[in-house]
Each structure stands twice: as C-alpha cells, then as structure tokens.
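So the chains spell out like this:
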Amino acid sequence: MKKTKKLNSPLLVLVILSLILLIKLGVFRTLVYGEVSWLRLVAVDFPVFMLLPVLLFVMLRRVSPLVALIYNLFVSGLLVSIVWYERYFQTVPSYFDLQQGDQAGSVMETVSLLYMPLDFLFFADIVLYIALFVLYWNQPLTMKNRKKISVVALVLVVLSTATTVMALQKPILDMTLFSKEQGFVQTQLVQATQQNSASAQMNLLSDEELAKLKGNEFVPYREHDRFGIAQDRHLFVIQIESLQNFAINQSIDGQELTPNLNELLGDSLYFDHMFQQIGAGNTSDAEWLLHTSLMTRGLDPTVNYLNGDPLPSLVNLLNARDYYTTTYHADKLEYWNREQLYPSLGFDYAYSSKEIPNEDLIGLWPSDRTMFQFAEGEVREQIRSGQKVYANLMTVTSHTPFEVREQDKYLELPEEYVDTYTGNYLQSIRYADEAVGEFIDFLKAEGIYEESLIVVNGDHSGLHGRPMTDKDYELMAELLGHQYSLKDRFLLPFIIAAPGLVESEVNSNFGGQIDMMPTIMNLMGIEPQAPMIGHNMLQYENNLLAVRYYLPGGSYITGDHMYLGENARYPERYYDFETMERIEPETEIIERKQENALKILNHSDALLSNFLDEGEEEAESGEES
C-alpha cells in the first residue's frame with residue numbers, strides 16, 4: 001500500500017516527466033544542432049519546457065497524471081516538427097512557421113523522406129506512461145507537497161526569466177545558431193519581440209552610395225545599355241516552382257531536361273548567375289523580390305506585415321502605363337497572405353483556385369497545364385480588347401516531393417534514377433517545361449509572341465535538405481560532372497525572351513533575385529519612381545548580395561567568392577565562387593564586405609519599414625546593430 005502511495009506521489013510524476021524531458025531535449029539538440037551541450041540543456045532549455053507542468057501542479061489542489069501525458073505528447077510533437085523542418089529547410093522554424101499548420105504542405109508531403117528511426121524515441125515513453133496509468137495513476141493526485149513543488153517552480157521561473165532576458169539583449173543573426181546558444185523557446189520570444197534582430201541602424205543610401213558598396217560606379221538610368229528597347233511590349237513573367245539553373249541546357253541520356261526553355265534561349269537574354277535570396281516566405285518572397293526589388297524581412301514572411309499601402313512595385317509602374325495587370329496561381333489567395341500582397345503590389349486582378357478549374361490534379365493542385373490553359377483564355381480576351389498585358393504566371397506542379405503521373409513523365413530515365421528524389425525532380429521539371437512550351441506556342445499562335453517580353457525564372461531551389469540521400473548526391477554528381485554544391489543549389493535561371501531584339505545572348509554578370517525588376521524595367525524603358533536595392537544586370541558587372549534565412553547570419557556572396565558565417569553545425573567557410581573550392585579566409589576583405597552588406601540590408605529595411613504596420617516600424621527602428 002505504501003509503495004502504491006509513493007508511486008501516486010505528484011513529486012514522482014514530475015520527476016518522471018523531468019527525466020523524460022531531459023532525454024528528449026538531449027536527442028533534440030543532437031539531431032538539430034549536432035551536439036548536446038548538457039550545460040545549456042539543463043540551464044537554458046529544460047527550465048522553460050518544465051515550467052508549465054510544474055506551475056499547473058502548484059496551482060491545482062487535485063491534478064490528474066493525464067496532464068503529464070498530454071503535455072509530454074505536445075512537447076514530443078513540437079520537437080519532432082522542429083526536427084523535420086530543420087531537415088528540410090536546414091534552419092529552425094520561427095514562431096510564425098509553427099503557426100502555419102495550413103501551410104505545412106511542403107514539409108508534410110515529404111515526411112516519408114524526412115523521418116529517421118531515432119525520431120521514434122520522442123514517443124517511446126508512451127508505453128511507460130500507459131503502464132503507470134493502468135497500475136497506479138488511474139485517479140487524480142492530491143497536492144500535499146505544495147511548498148516543495150513551489151520551490152522548484154521558483155527556481156524554474158528564475159532560470160527561465162534570466163535566460164530570456166539575456167537572450168533579449170542579443171540580435172538574431174542566424175536562427176539556428178541563436179537557438180542553439182540561447183534556447184529554442186527563448187529564440188521565439190526574442191523574435192516575436194524584436195521581429196528582425198538582424199537589422200541595424202536605419203540609414204538611407206543614395207543611388208551612388210549603393211552602387212559603390214557593390215563595387216560599381218552609378219550610371220543614370222536612361223544611359224543604361226539597351227534602355228527602352230522593349231517599350232510598350234506585353235510582359236509575361238513565368239515563375240517556375242523549384243527550377244534551378246543547372247537544369248537549363250542539361251541533358252540525361254541524350255534527352256534535354258528543358259527543351260522548350262532551351263529553344264526559347266534563341267530569342268533571349270539568359271542570365272546564368274542569378275542567386276536565390278528568399279527568406280522564410282519562400283515562393284511569396286520570390287514574388288516580393290521580383291516586384292519590389294527590396295530585400296525580404298528574412299526571419300518572417302514579408303507579406304504578413306504589410307500595412308496595405310500601395311507599394312512602388314513593377315505592377316504599379318505598369319498600371320501607370322495603362323497595362324492590365326494580372327497574376328495566376330492555382331492555390332488559395334490566403335496562402336502566404338497573398339490577399340494582402342496583391343492589392344499592395346497593384347494587380348488589377350488575381351486569379352487563384354477560386355477561378356482556375358480544380359481539375360487534372362497533380363499532387364495537391366491543378367496541373368500547370370490547367371493553369372496555363374485557363375490563363376490563355378483570359379489573355380486572349382485582354383489582347384482582343386486592345387489592352388497592353390502584364391501576366392504573372394506561377395507554376396506549382398514541380399513542387400516537392402516532385403511526383404507526377406506516369407502519363408506526365410516525358411523522360412526515359414536511367415534505371416538508377418527511377419523513383420529517387422532526384423529522378424522525380426527531373427521528371428517534374430521536364431513536365432513544367434512542357435507546359436511552358438505550350439503557353440509559348442499559344443503566344444505565337446495568337447500573333448503576340450513578337451510583341452512580348454517573356455521572362456522565365458525559378459522561385460527557389462528544389463533539391464536540398466534531408467530528402468537528398470547519399471544516392472541522390474551521387475546521381476547529381478553523375479549528371480553534373482562534379483559534386484552538387486551550394487552554388488548548384490542556389491543559382492536560379494533568369495531568362496528574358498525579347499523576340500526580334502536579342503538573339504542567343506548569355507550574360508554571366510553576378511546578380512540576385514532582387515535584380516530582376518531593375519533589369520526588366522531597363523528593357524521596357526521605365527525609370528524607377530522610388531529607391532530599389534537591386535540593379536540592372538545588363539549595366540553593372542559587380543555585385544554584393546546578402547542572403548537572410550537560408551544562409552548563416554553574416555554570409556554574403558560576390559561574383560568572386562562566397563562567405564558563410566558560423567552556424568549551429570559549421571564554423572565559418574570561405575569559397576572561390578567559380579570552383580566552389582574552400583580557400584583561406586581573407587579577414588580584411590570579409591570584414592569590409594560584411595560591413596557593406598549590412599549597410600545594404602539596413603538601407604532596404606529602412607525602405608521596407610514604410611510599408612509595414614506601425615508597430616513593426618517602431619520595433620525595427622529601435623534595433624541595435
């Protein structure tokens with residue numbers, strides 16, 4: 001009887017829960033940060049996670065042991081979700097990402113590729129709980145040792161408060177490194193409070209100063225190479241889901257991966273050194289960079305903080321020139337808050353899953369072919385009514401996990417590629433290329449191909465994270481003829497077809513997604529009406545890009561080298577950008593480039609703050625470097 005009473009002790013329940021939490025947090029730190037660090041685990045992580053159940057036990061006179069089980073399951077689910085997110089995106093999620101259950105498709109679709117046997121340790125204790133419930137914990141426990149538990153609660157409150165206050169004094173330069181050192185929960189609190197801790201003082205730059213920071217001498221816009229050669233042409237921008245630059249002009253077993261895009265290159269300017277710059281908003285950030293030439297917030301999706309004011313966007317510039325502006329995406333407008341983004345950008349109409357037929361589904365969405373066919377009908381009517389057209393068309397079929405139906409597989413892959421992540425990616429990109437080719441044929445058939453500017457770009461990388469197995473890396477090395485590198489991952493194609501104006505031209509000036517808008521504007525003869533962070537890639541040879549979220553804080557890229565700051569798993573790294581070979585860090589150059597990159601980010605943040613909610617402006621304008 002005494003033994004039963006001891007096992008029914010609330011203190012014992014908390015002791016068992018605390019031991020289980022310690023083990024789970026140790027496994028979590030190993031999987032996410034690559035190390036346990038027991039001091040940080042006990043002093044930083046554990047007190048925050050243990051605080052809630054202890055407080056419940058203090059406040060309630062009678063408490064069911066079921067509370068411990070429910071809380072334990074919640075923590076297990078949370079930790080596993082973070083682990084899977086980190087494996088896919090290679091960064092820990094923000095508090096915003098954790099709220100987006102309806103937007104977790106890109107991760108949840110690949111769970112079968114993300115989980116590892118070790119993950120089941122997070123739930124192994126359920127057997128122990130069930131046994132204790134059946135034998136001893138089948139009734140509420142009376143709190144007789146409230147003073148002892150109150151002392152424990154006080155210690156946890158002090159430790160949790162102290163570590164959070166210390167974390168609040170520091171800027172978040174890299175989410176995963178900050179989380180490793182300051183605690184995951186503390187990191188979320190810091191981010192929610194400071195919003196974008198990577199920013200510094202809000203100092204605006206002149207066009208001349210911005211160009212100099214990038215290593216260029218400013219040239220007035222009207223004096224740029226080929227300014228206005230495509231003035232008043234229709235504009236079609238095709239943003240292809242997960243399209244990476246290596247796919248262009250690439251073949252496998254004599255079959256082109258993108259035969260239609262390769263053919264389009266004959267009438268195009270092809271920029272083959274455009275670097276990915278998106279933040280946590282992924283595809284929506286790609287839209288933002290294209291249409292505003294302002295940096296993203298990075299740690300949070302930019303679209304969730306807009307105040308609704310009209311943006312100095314490419315869309316609004318075209319509206320002022322009597323274009324009818326539309327965007328097409330076979331998903332809900334609520335996804336990534338596009339119902340807020342599109343009015344601010346200035347689109348006359350946004351076509352979504354509400355209008356695009358929900359048929360010929362591939363994965364979760366209508367096929368790219370369905371979207372393009374719908375757009376063709378709308379464009380045909382707009383052209384016939386005598387309007388100049390801007391259509392922004394976003395594909396979705398080549399979304400992870402890249403699985404298309406047998407009838408949509410245009411490649412005869414070698415046996416070793418079949419049913420692999422890499423093989424599926426190649427098939428989905430080949431399908432997207434076919435759908436794009438059919439839309440180009442439509443433009444030719446309607447007689448507007450020669451009257452148009454047709455832009456094709458990728459929104460972000462597709463082949464990354466834990467879904468890429470050792471075999472996938474071997475297949476990519478075989479395909480590319482070299483090891484798959486960060487350069488292969490982050491370079492995206494940027495193609496501008498201008499039939500009759502250019503012919504098979506490759507431009508290797510280094511740039512980023514932020515440079516697309518100024519380059520398009522130059523060809524269309526549009527001078528900016530507000531500051532931009534990007535520049536015309538036809539005019540400027542040098543560049544300096546900062547990348548938030550997908551590279552460690554402090555990282556930057558130039559046309560010559562790539563510097564990666566320290567993160568939770570790796571020390572700082574320095575690469576020759578052309579060969580992607582590790583080289584000796586040049587401290588003086590790195591410090592100067594980092595300082596210049598930070599000035600550019602601060603300049604962008606100052607410009608962006610004008611379009612954020614007032615609370616966000618105050619939060620950001622008070623940040624320290």
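This report concerns the structure included in the present document. (Residues numbered from 1 in each chain as written. Predicted model: local features only at pLDDT ≥ 70, side-chain atom pairs only at ≥ 80, totals over all residues. Heavy atoms only, no water.)

1. What about the overall build of the protein chain?
Along the protein chain, the regular secondary structure elements total 23 helices and 19 strands. For 625 residues, the compact-globule estimate of 2.2 N^0.38 gives 25 Å, and the protein chain sits close to it at 27 Å. Taken along the three principal axes of its C-alpha coordinates, the protein chain extends 90 × 55 × 50 Å. Relative to its full complement of 625 residues, the protein chain shows a buried share of 60%. As displayed, the protein chain offers around 25200 Å² of accessible surface, 53% of which is attributable to carbon and sulfur atoms. Taken as two groups, the 45 positive and 84 negative side-chain charges of the protein chain have centres that lie 15 Å from each other. (Helix = DSSP H or I, 4+ residues; strand = E, 2+ residues; numbered from the N terminus. Rg over C-alpha atoms; globule rule 2.2 N^0.38 Å. Buried < 20%, exposed > 50% of the residue type's maximum accessible area, 1.4 Å probe, protein only. Areas by Shrake-Rupley, 256 points an atom, 1.4 Å probe, with all protein chains shown as cover. Lys, Arg positive; Asp, Glu negative; His and termini not counted. Charge placed at Lys NZ, Arg CZ, Asp CG, Glu CD.)

2. So, the side chain of serine 179
Take serine 179: it is sitting in helix H10 (residues 175–182). Residues in contact with serine 179, not counting those within four places in the same chain, are Tyr33, Val92, Phe184 and Thr187. (Contact = heavy atoms within 4.5 Å.)

3. A short note on unusual backbone geometry
Of note, the amide linkage connecting threonine 400 to proline 401 takes the cis form, showing an omega dihedral of 10 degrees. Relative to the assigned elements, proline 401 resides in the loop between strand S11 (388–394) and helix H18 (421–445). Its identity as a non-glycine residue notwithstanding, serine 293 has a phi of 55 degrees, on the positive side. Within the secondary structure layout, serine 293 lies in the loop between helix H14 (283–292) and helix H15 (314–319). Given a relative accessible area of 0%, serine 293 falls into the buried group.

4. Some details on the nonpolar core
Membership of the largest hydrophobic core comes to 186 residues, with the highest contact counts inside it found for Leu235, Phe275, Leu393 and Leu426. Top element by residues in this core is helix H4 (residues 66–89). It accounts for 13 residues. Apart from the residues lying within four places of it in its own chain, the contact partners of leucine 393 are Phe236, Val237, Ile238, Gln239, Tyr328, Met371, Phe372, Ala375 and Phe439. (Core = buried A, V, L, I, M, F, W, Y, C linked by side-chain atoms within 4.5 Å.)

5. Some points on a nonpolar patch on the surface
On the surface, a cluster of nonpolar side chains totalling about 230 Å² of accessible area is made up of Met116, Leu118 and Leu121. Along the chain, the position of leucine 121 falls in the loop between helix H7 (111–114) and helix H8 (126–135). (Patch = residues over 30% accessible without salt bridge, like charges linked within 9 Å, V, L, I, M, F, W, Y side chains within 5 Å. Salt bridge = Lys/Arg side-chain N within 4 Å of Asp/Glu carboxyl O.)

6. Some thoughts on the packing of H14 against helix H16 (residues 338–345)
Between H14 and H16, the least distance of the axes is 12 Å, while the angle of their chain directions is 5 degrees. When the interaxial angle is binned, H14 and H16 end up roughly parallel. For the pair H14 and H16, the contacting residues are Thr283, Ser284, Glu287, Trp288, His291 and Thr292 in the first and Arg338, Leu341, Tyr342 and Leu345 in the second. Looking at side-chain class alone, the contact of H14 with H16 contains four nonpolar, four polar and two charged residues. (Axes fitted to C-alpha atoms, helices over the stretch in contact; angles between N-to-C directions. Parallel < 35°, antiparallel > 145°, perpendicular 65-115°, else oblique. Nonpolar A, V, L, I, M, F, W, Y, C, P; charged D, E, K, R; others polar.)

7. Points about the pattern of salt bridges
Applying the stated criterion across every chain, the model contains 20 salt bridges. Linking glutamate 446 and arginine 380 is a salt bridge whose minimum nitrogen-to-oxygen distance equals 3.1 Å. Taken together, the residues glutamate 446 in the loop between H18 and strand S12 (452–458) and arginine 380 in helix H17 (residues 368–384) connect sequence positions 66 residues apart. Judged by relative accessible area, which is 30%, glutamate 446 ranks as partly exposed. Taking the relative accessible area as the measure of exposure, arginine 380 reaches 23% and is therefore partly exposed. When salt bridges that share partners are traced, they join Asp225, Arg226 and Glu505 into one network.

8. What to know about the layout of surface pockets
If you add up the space inside the largest pocket, you get close to 790 Å³. Forming the walls of the largest pocket are 31 residues, and the residues nearest its centre are Gln90, Leu486, Arg489, Tyr570 and Arg573. Broken down by secondary-structure element, the contributors of at least two residues to the lining of the largest pocket are H4, helix H19 (470–480) and helix H20 (486–490). For the lining of the largest pocket, a count of residues per class yields 14 nonpolar, nine polar and eight charged. (1 Å grid on protein atoms, 1.4 Å probe; cavity = no way out; pocket = protein on both sides within 12 Å on 5 of 7 lines; lining within 4 Å. Points joined across faces, edges and corners; volume = space filled by probe spheres on them.)

9. Regarding H4
Over its 24 residues, H4 runs 34 Å from end to end, which matches the ideal 34 Å to within 8%, given 1.5 Å per residue. Taken across its 24 residues, H4 has 17 buried, putting it largely inside the fold. (Expected span 1.5 Å × (residues − 1).)

10. Some remarks on the sheet that holds strand S16 (residues 545–546)
Across the sheet, four strands lie side by side as S16-S17-S18-S19; this open sheet has antiparallel pairing. At either margin of the open sheet sits one strand with a lone partner, and together these are S16 and strand S19 (573–576). Sheet topology note: the S16/strand S17 (residues 556–557) ladder contains two bridges and is antiparallel. Pairing of leucine 545 across the sheet is with isoleucine 557, part of S17. (Pairing = 2+ DSSP bridges.)

11. A few points about the environment of valine 151
Looking at where valine 151 falls in the secondary structure, it is placed in helix H9 (residues 146–168). Assessed through its relative accessible area of 53%, valine 151 is described here as exposed. Taking the C-alpha atoms as reference, valine 151 lies 57 Å from proline 312; in sequence the two are 161 residues apart.

12. Section: the pairing of strand S6 (residues 268–275)
The element S6 is extensively covered by neighbouring structure, given that eight of its eight residues are classed as buried. Across six bridges, the pairing between S6 and strand S13 (residues 491–497) is antiparallel. Bridged to phenylalanine 275 within S13 is leucine 491. Of the strand pairs in this sheet, S6 and strand S14 (residues 505–507) are connected by three bridges, and their pairing is parallel. Note that in S14 the partner of tyrosine 270 across the bridge is valine 506. Relative to strand S15 (residues 511–512), S6 is paired through two bridges, and the arrangement is parallel. Within S15, the position partnered with methionine 274 by the bridge is glycine 511.

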